[in-house]
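Survey of secondary and tertiary structure
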Amino acid sequence: MNVTLTTNADQFERAREQLARTAAGPLAARRETGWEQFRATGLPTRRDEEWRFTSTAPIAKGDFALARSGEVPSEDLIRPFSFGGVSSAKLVFVNGHFCPQHSRRLTLPDKVLAGNLADAAVSHPQLVSEHLDRHPRSADDPFTALNLAFLEDGAFIHVPAGLRVEGPIHLLYASTNGSEPLMCHPRNLVVLDEGSEVMVVEHYVSLHEGPAFSNVVTEAVVGPGARLNHYVLERENEQAINIETLAVRQERDSCLDSHTALFGGRLVRNNIHVTLAGEGCDSLINGLYVGHGEQHLDNHMRVVHAAPNCHSRQLYKGILDEQSHGIFSGRIVVEEGAQKTDAVQTNRNLLLSDSAKANAKPQLEIYADDVKCTHGATTGQLDPDALFYLRQRGIDETTARGLLIYAFASENIQSMSVPSIRRQLLQALVQKLPHTAMFDATGEEAQVVEEALGAAT
Amino acid sequence: MALLEIIDLHARVEGQEILKGLDLVIEPGTVHSIMGPNGSGKSTLANVIAGHDAYEVTSGQIRYRGQDLLEMEAEERACAGVFLAFQYPVEIPGVSGMQFLRAAVNARRRAAGEEELDAARLLGLFREKAEVVNIDMALLKRAVNEGFSGGEKKRNEIFQMAVLEPTFAVLDETDSGLDIDALKIVADGVNSMRHEDRGFLVITHYQRLLDYIVPDFVHVLMDGRIVRSGGKDLALELEAGGYAPVGA
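Summary of the structure given here. Going along each chain's sequence as written, the residues are numbered from 1 onward. Chain A is the first chain written and ligand 1 is the first ligand written, with later ones labelled in order. Under the rules for a predicted model, residues below a pLDDT of 70 receive no local features and side-chain atom pairs below 80 are neither given nor counted, while totals for whole chains, interfaces and linings still include all residues. Side-chain metrics in this entry use all non-hydrogen atoms of the structure; hydrogen atoms and water are not considered.

This part covers the packing of aromatic side chains. Centre distance within 6.5 Å is the pairing criterion for rings of Phe, Tyr and Trp, where only the six-membered ring of Trp is used; planes under 30 degrees apart are then read as stacked, over 60 as edge-to-face, and the remainder as tilted. Per the counting criterion, the structure on display carries 15 aromatic pairs over all chains. For the ring pair A:Phe93 and A:Phe98, a centre distance of 5.5 Å and an interplane angle of 55 degrees mean the geometry is tilted. Here the aromatic rings of A:Phe388 and B:Phe86 are separated by 5.7 Å at their centres, their planes lie at 65 degrees, and the arrangement is edge-to-face. A residue pair is termed interchain when its members come from two chains, as with A:Phe388 in helix α8 (residues 384-392) and B:Phe86 in the loop between β6 (82-85) and β7 (92-96). When sorted by exposure, A:Phe388 lands in the same class as B:Phe86, which is buried. An aromatic cluster is present here, built from A:Phe12, A:Trp35, A:Phe38 and A:Phe150 joined pairwise through their rings. A positively charged side chain is recorded as over a ring if its NZ (Lys) or CZ (Arg) lies within 6 Å of the ring centre. The angle to the ring normal must also be within 35 degrees. We note A:Arg269 situated over the ring of A:Trp51; from NZ or CZ to the ring centre the distance is 3.7 Å. A helix here means a DSSP run of H or I that spans at least four residues, while a strand means a run of E at least two residues long, and both kinds are numbered starting from the N terminus. Throughout, exposure labels follow a simple rule: accessible area from a 1.4 Å probe, protein chains only, divided by the maximum for the residue type, with under 20% read as buried, over 50% as exposed, and the rest as partly exposed.

A word on the environment of B:Ala130. Residue and element names in this part refer to chain B. Along the chain, Ala-130 falls in helix α4 (residues 119-132). Of the residues examined, Ala-130 reaches a relative accessible area of 3% and is grouped as buried. Considering only alpha carbons, one finds Ala-130 and Ala-2, 128 residues apart in sequence, at a separation of 31 Å. Ala-130 has contacts with Ile-135, Met-137 and Phe-159, leaving out every residue within four places of it along the chain. Contacts are residue-level and defined by heavy atoms, with any inter-residue pair within 4.5 Å sufficient.

So, about the side chain of A:Ser353. Residues and elements named next belong to chain A. Relative to the assigned elements, Ser-353 resides in the loop between β20 (342-351) and β21 (357-366). Taking relative accessible area as the criterion, Ser-353 reaches 15% and is therefore assigned buried. Within the local environment of Ser-353, its side chain forms a polar contact with the backbone nitrogen of Ser-355, the two atoms lying 3.3 Å apart. Definition of a polar contact: a pair of N or O atoms within 3.5 Å, with one able to donate and the other able to accept a hydrogen when the atoms are protein atoms, and with sequence-neighbouring residues admitted only if both atoms are side-chain atoms. Within the structure, Ser-353 has its side chain in polar contact with the backbone nitrogen of Ala-356 (distance 3.1 Å). Among all residues touching Ser-353, those that are not within four sequence positions of it are Leu-320, Asp-321 and Glu-322.

This brings us to the layout of surface pockets. Detection works on a 1 Å grid of protein atoms alone, calling trapped sets that fit a 1.4 Å probe cavities and calling open sets with protein on both sides within 12 Å along at least five of seven lines pockets, with lining residues defined by an atom within 4 Å of a point. Grid points are joined across faces, edges and corners, and a volume is the space filled by probe spheres set on the points. By volume, the largest pocket is sized at about 480 Å³. Lining the largest pocket are 20 residues, and of these A:Lys317, A:Leu404, A:Ala407, A:Phe408 and B:Pro93 lie nearest its centre. Contributing elements (two or more residues each) for the lining of the largest pocket: β20, β22 (372-380) and α9 (397-414) of chain A together with β7 of chain B. Here the element with the most residues in the lining of the largest pocket is α9(A); it accounts for five residues. Counted by class, the lining of the largest pocket contains eight nonpolar, six polar and six charged residues. Each residue is assigned to one class: nonpolar for Ala, Val, Leu, Ile, Met, Phe, Trp, Tyr, Cys and Pro, charged for Asp, Glu, Lys and Arg, and polar for all the others, Gly among them.

Next up on the list: empty space enclosed by the protein. Residues and elements named next belong to chain A. Across all of its chains, the model carries eight cavities of 30 Å³ or more by this definition. Along the walls of the largest cavity sit Leu-66, Ala-67, Arg-68, Asn-95, Gly-96, His-97, Phe-150, Glu-152, Asp-153, Cys-184, His-185 and Pro-186, which together make up its complete lining. When grouped by side-chain class, the residues that make up the lining of the largest cavity number five nonpolar, four polar and three charged.

Salt bridge criterion: a side-chain nitrogen from Lys or Arg within 4 Å of a carboxyl oxygen from Asp or Glu. Applying the stated rule across the entire model yields 37 salt bridges over all chains. The residue A:Glu197 makes a salt bridge to A:Arg164 at a minimum N-O spacing of 3.1 Å. Residue A:Glu197 is found in strand β10 (residues 197-206), and its partner A:Arg164 is found in the loop between β6 (155-159) and β7 (169-175); the two are separated by 33 residues along the sequence. Residues A:Arg391 and B:Glu73 are paired through a salt bridge, measuring 2.9 Å at the closest nitrogen-oxygen approach. One end of the pair, A:Arg391, is in helix α8; the other, B:Glu73, is in the loop between β5 (67-68) and α2 (74-79), on a second chain. Taking relative accessible area as the criterion, A:Arg391 reaches 5% and is therefore assigned buried. Since its relative accessible area comes to 41%, B:Glu73 is described here as partly exposed.

This paragraph deals with the sheet that holds strand β10 (residues 199-204) of chain B. Hydrogen bonding along the main chain pairs the strands of a sheet, whether they run parallel or antiparallel. All names here are of chain B. With respect to topology, six strands assemble into an open sheet ordered β6-β9-β10-β3-β11-β12, the strand pairing being mixed. On the outer flanks of this sheet lie β6 and β12 (225-230), each paired with one strand and no other. Taken over all neighbouring pairs, the strand axes of this sheet differ in orientation by 20 degrees on average, direction set aside. Both strand β3 (residues 31-35) and strand β11 (residues 217-222) contribute to a ladder of four bridges, which runs parallel. Bridge pairing in β11 links His-32 to Phe-217. Pairs of strands are assigned from DSSP output, requiring at least two bridges between the strands. All axes are obtained by fitting lines to C-alpha atoms, using only the stretch in contact for helices, and the reported angles, taken between N-to-C directions, cover 0 to 180 degrees.

Expected span of a helix: the number of residues minus one, times 1.5 Å. Taking 1.5 Å per residue as the helical rise, helix α10 (residues 419-432) of chain A with its 14 residues ought to reach 20 Å, and the 20 Å between its terminal C-alpha atoms agrees with that figure. Of the residues making up α10(A), those classed as buried are A:Ser420, A:Ile421, A:Arg422, A:Leu425, A:Leu426, A:Ala428, A:Leu429, A:Val430 and A:Lys432.

Let us now look at the pairing of strand β13 (residues 241-250) of chain A. Looking along a regular strand, one sees the side chains alternate between the two faces of the sheet. Residues and elements named next belong to chain A. Across the ten residues of β13, nine count as buried, placing the element largely inside the fold. Of the pairings in the sheet, the one linking strand β11 (residues 212-222) to β13 comprises ten bridges and is parallel in character. What sits directly across from Ala-220, in β13, is Val-248. Two elements, β13 and strand β15 (residues 267-276), share ten bridges in a ladder whose sense is parallel. Bridge pairing in β15 places Thr-245 opposite Asn-271.

Structure, rendered in C-alpha cells:
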C-alpha cells in the first residue's frame, strides 16, 4: 500500500513541478485548491464505497508524465475520426492540448463560442469565471480534484440565448504515444443560455498503440428551457485509462439528452452527475458499455432531483465478453421539496462468457413524499429459448447469437439521433464481437425494408 | 421413401423418460394428427423432431427423407425443410420480424445453394404470404412476437411457415387459445399449403381443429407410445369417449 501511495504521489508531484515551470495564465490560480483536496485523500482505493469495484492501481503504477503541447499529428491520422460531414465544428485536442491546426468551425453560427478554455479565460474572462468549477465536486472526488490541480486547457462552448445549433460540435481527444506514457487532465466548460440548444460529442481515440491516462472533467450549465445533447464515445485502444466526469446543472424546463458508448479503453470510469436544479426538467441518460479481453468499464451515475416536477430516465446496458468487467452504480437522490419527481433507472447486463462479470448497484435516496421512482437491474445470458427459436427457423447458432446481441444493443444505439454515429457504433460492435458480423451488414438494409413497409401499409 | 420415419424412439427431458418406444411413419402428401392427454409426450415429440438441446434421445431413430435427422443440428433440420410451429412462440425484443425472417429465408436459400433474396423480393414474398394468413404487415415491423396477442403469435407462426415453405411441418397445439375465427385462419393457412410432397404433423388436444384441417391419419399418444391409429373418424370417437377406453 505504502509503495503505491509513494508512486502515485511521485508522478503527480513531478507533473506539478513541470506544470509550474511551463504554464501560467488566469486558470493557474485555481490549481492550488485542487491539489490540496487531492493530497488530502490521494487516489481512491477499493475501501472507498464509490470505488468498491474498481482498482486505481493501474493509474498509480502507470508512471505517467504530464503531456505538453506542441504535437501536431498528420491530417491522415485525424481525418478518419469524423461523422460524415454533419458536424458544425470540430475541436481537436492532442494529449489534452488544443490543436488549432486541426480544429475548424464549419457551419457554426458566429455568435456561438467554441474554442479552447485557456484562450476563452483571456478573451471572455467574465463568462469563464462565472461558470468555471461551480458544479463538479472536487471536494468529494479525488479525480475531479486532480483535474482541478492540473487545470490548464480544454474546450469552451457558449451558446447565446434562443440559438439552436444544427449539427454536433465534435470534440476529438486524440492520445499519442511519447517516449513515456502520458497523462492529461482536460477541463471542458459548456454554457447554454436560456432557450438554446446544442449537441456536444466527446470522442476519445488513440492515434497509436500504448498506454495513456486521461482524466477529463466536463461541466455543463443548461439554462432555462435550453437543451443539451451530450455524447461520450470512448474508442481508445485497450491500454488506455480514461476517467471521464460529466457534471451538469439543469435550470428550469431544460432538457439533457446524454448518451455514452464505452467500447475502448482498458480501465474506464464514466461519471455522470446531473443536478435537476429547476422545475420541469427532463433528463435522458443512456449508456452502452461493450467489453472484451480484460476491459474494465465502470459507470457511475448520480442524478439529483433538487426541484419539483422533474423527469429522469436512465438506461444503461452492458455487453461483456471474455474476462471483461462492467459496473453500473447509480444513485437517484430526491431532495426535500422535489415533489412529483418521476425517475426511472434501469441497468441490464448481458454476459457472453463464464468469466465476464457485471456488478450493479442501484440506489434510491428519497426525501420527498410525493414521488415516483423505480429502479431495476438484471444480469443474464442470451435466452436459450430465443436461440432455439431462431435456430429452428434455419439461422445458425453463431448468427443467432449475433442477432440477439445486436438486438440487445440496438435499443440504446437507435436512441441516438445522429445516423453516422449510430452506424459507427454498430460497426464498432461488429468489430468487437465478431459473431455479430452478419447483422451489421443486414441491419441498415433491413431498416430500408422496414421503411418501405411503413410506406406500404 | 417415407417423409419421416420414427423407429422405437425413447427420449427424456430433465432426466425423466417421456417417450418410451414411439413408432410413426409419415408419407409425403399426408396430414397426421396426434392427440393425447397432457403429459403423454406430444410436445416432447415436437421438440425432439425440431432438435431442441434440452431433449435427450436415449435410443431409437428418426429418418427424414432417408437422412438421419438426429445427427443434424436444429438449424440444419430447418434448412432441410423441417418446421415447428411453436406451442409458445418466443418473444425476441429488439429483433424485428423483417430482420428475423430475412435471416431465416436467406439461411435456407444459402443452404439450398440458391441466391439470396434482396429487400424488394423479400418484401414481395412477405406481402403475398401475409394475405394468405390474413396477417397485418405492420406486425413485421415490430419485434418478433413482442406484445402480440395469443392469436397474433399463432398466426405469425403460420405466416412464417407459409414464407419458409417447409417440406415437413409440426404444429404443436397451434389451436390452443384460439377463437373460432383465428382457428379458421390457421386452418386455411395449413390447407392452402397441402401438397403431394409435403407432410404435416398436427398435435392437438381438441377434435375441433380437425374439423378444419381434416387429417388423413389420427394417432393416440399415451404415456410415450402411440397406442392406437386410425382415420379421421378416430378423432370423433375420442371426442365422444375420451382417451381412457382407447388405452385400456
